[in-house]
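# Notes for the structure review
Below, each chain spelled out in residue letters.
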Amino acid sequence: MLSKAGKEVLIKAVAQSIPTYSMGVFQLPKKLCEELDAMCVKFWWGQVGEEWKIHWKSWNKLTEAKKVEGMGFQDLAPFNLAMLAKQGWRLIQQQDSLMFKCFKASCKGCLGGQFGSVAEKEFKPSRCTSVIP
């Protein structure tokens, strides 16, 4: 039996950090994020099987920072979007990177030969080609 501190460390260090790499590359389905969050909640409150335990605080409250009386757990769906936004920001800022060059080459047809904010108006997904066959 783990203490609350032990459960907190286990949730943050294992359950919420394992999907971090895939979240930086793919947008996980919302249902999957909800199921992972539900598993963390059940573990936090000590629910075993179909036995129901009282949830003394909502998950939204537990995901708030500790300085505002939350537990600092990650809500996985917004965290997933933040990780993807980080990759988008990296693409915009590091245009000499291999990732940018591959992405630009694969989307050259769908962006009308341009890449950037001007090209967003001309985006045609039907002309996108994959870099990887």
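Keep in mind that what you see is a predicted model, and the values were worked out from it rather than measured. (Residues numbered from 1 in each chain as written. Predicted model: local features only at pLDDT ≥ 70, side-chain atom pairs only at ≥ 80, totals over all residues. Heavy atoms only, no water.)

## Some thoughts on a nonpolar patch on the surface
A contiguous nonpolar patch, built from Leu-2, Leu-10, Val-14, Ile-18 and Phe-43 and spanning about 430 Å² of accessible area, is present on the exposed surface. Note that Val-14 resides in helix α1 (residues 4–15). (Patch = residues over 30% accessible without salt bridge, like charges linked within 9 Å, V, L, I, M, F, W, Y side chains within 5 Å. Areas by Shrake-Rupley, 256 points an atom, 1.4 Å probe, with all protein chains shown as cover. Salt bridge = Lys/Arg side-chain N within 4 Å of Asp/Glu carboxyl O. Helix = DSSP H or I, 4+ residues; strand = E, 2+ residues; numbered from the N terminus.)

## Considering the pattern of salt bridges
Taken as a whole and judged by the stated rule, the model has 3 salt bridges. Its salt-bridge partner being Lys-12, residue Glu-8 comes within 2.8 Å of it at the nearest N-O pair. Residue Glu-8 and its partner Lys-12 are located together in helix α1, separated by 4 residues, close to a single helical turn. Glu-8 gets classed as buried once you look at its relative accessible area, which sits at 12%. The partly exposed category is assigned to Lys-12, whose relative accessible area is 29%. Notably, a salt bridge pairs Glu-64 with Lys-61, separated by 3.5 Å at the nearest N-O pair. Because the salt bridges share partners, they merge into one network encompassing Glu-8, Lys-12 and Lys-66. (Buried < 20%, exposed > 50% of the residue type's maximum accessible area, 1.4 Å probe, protein only.)

## Observations concerning unusual backbone geometry
Here Glu-69, not a glycine, exhibits a phi torsion of approximately 70°, which is positive. Following the sequence through the fold, Glu-69 ends up in the loop between α4 (59–62) and α5 (76–93). A relative accessible area of 60% means that Glu-69 is categorised as exposed.

## Considerations on the nonpolar core
Counting residues in each nonpolar core, the largest one holds 9 residues, listed as Ile-11, Cys-40, Val-41, Trp-44, Trp-45, Trp-59, Leu-62, Met-71 and Phe-73. Those elements that provide at least two residues to this core are α3 (30–45) and α4. Looking at this core, the element that brings in the most residues is α3, giving 4 residues. Apart from the residues within four sequence positions on either side, Trp-44 is in contact with Lys-4, Lys-7, Glu-8, Ile-11, Leu-62, Met-71 and Phe-73. Counting residues in each nonpolar core, the second largest holds 6 residues, with Leu-28, Cys-33, Leu-76 and Met-83 among its members. (Core = buried A, V, L, I, M, F, W, Y, C linked by side-chain atoms within 4.5 Å. Contact = heavy atoms within 4.5 Å.)

## Some details on the packing of aromatic side chains
Given two aromatic rings, one states the distance between the centres and the angle between the planes to describe the pair. For the structure on display, the rule yields 3 aromatic pairs. Between Trp-44 and Phe-73 the ring centres are 5.3 Å apart and the planes differ by 75°, which places this aromatic pair in the edge-to-face class. Separated by 29 residues along the polypeptide, Trp-44 in helix α3 and Phe-73 in the loop between α4 and α5 bring together distant segments of the chain. Like Trp-44, the residue Phe-73 is buried in the burial classification. Their ring planes at 10° and their centres at 5.7 Å tell us that Trp-59 and Phe-73 sit as a pair that is stacked. Of the two residues, Trp-59 sits in helix α4 while Phe-73 sits in the loop between α4 and α5, which places them 14 residues apart along the sequence. If you follow Lys-4 out to its NZ or CZ, it ends over the ring of Trp-44, 4.6 Å from the centre. (Phe/Tyr/Trp six-rings, centres within 6.5 Å; stacked < 30°, edge-to-face > 60°. Lys NZ or Arg CZ within 6 Å of the ring centre and 35° of its normal.)

## Some details on the environment of Gly-88
Looking at the element boundaries, Gly-88 is found in helix α5. You can call Gly-88 partly exposed: its relative accessible area is 25%. Separated by 64 residues in the primary sequence, Gly-88 and Gly-24 have C-alpha atoms spaced 9.9 Å apart.

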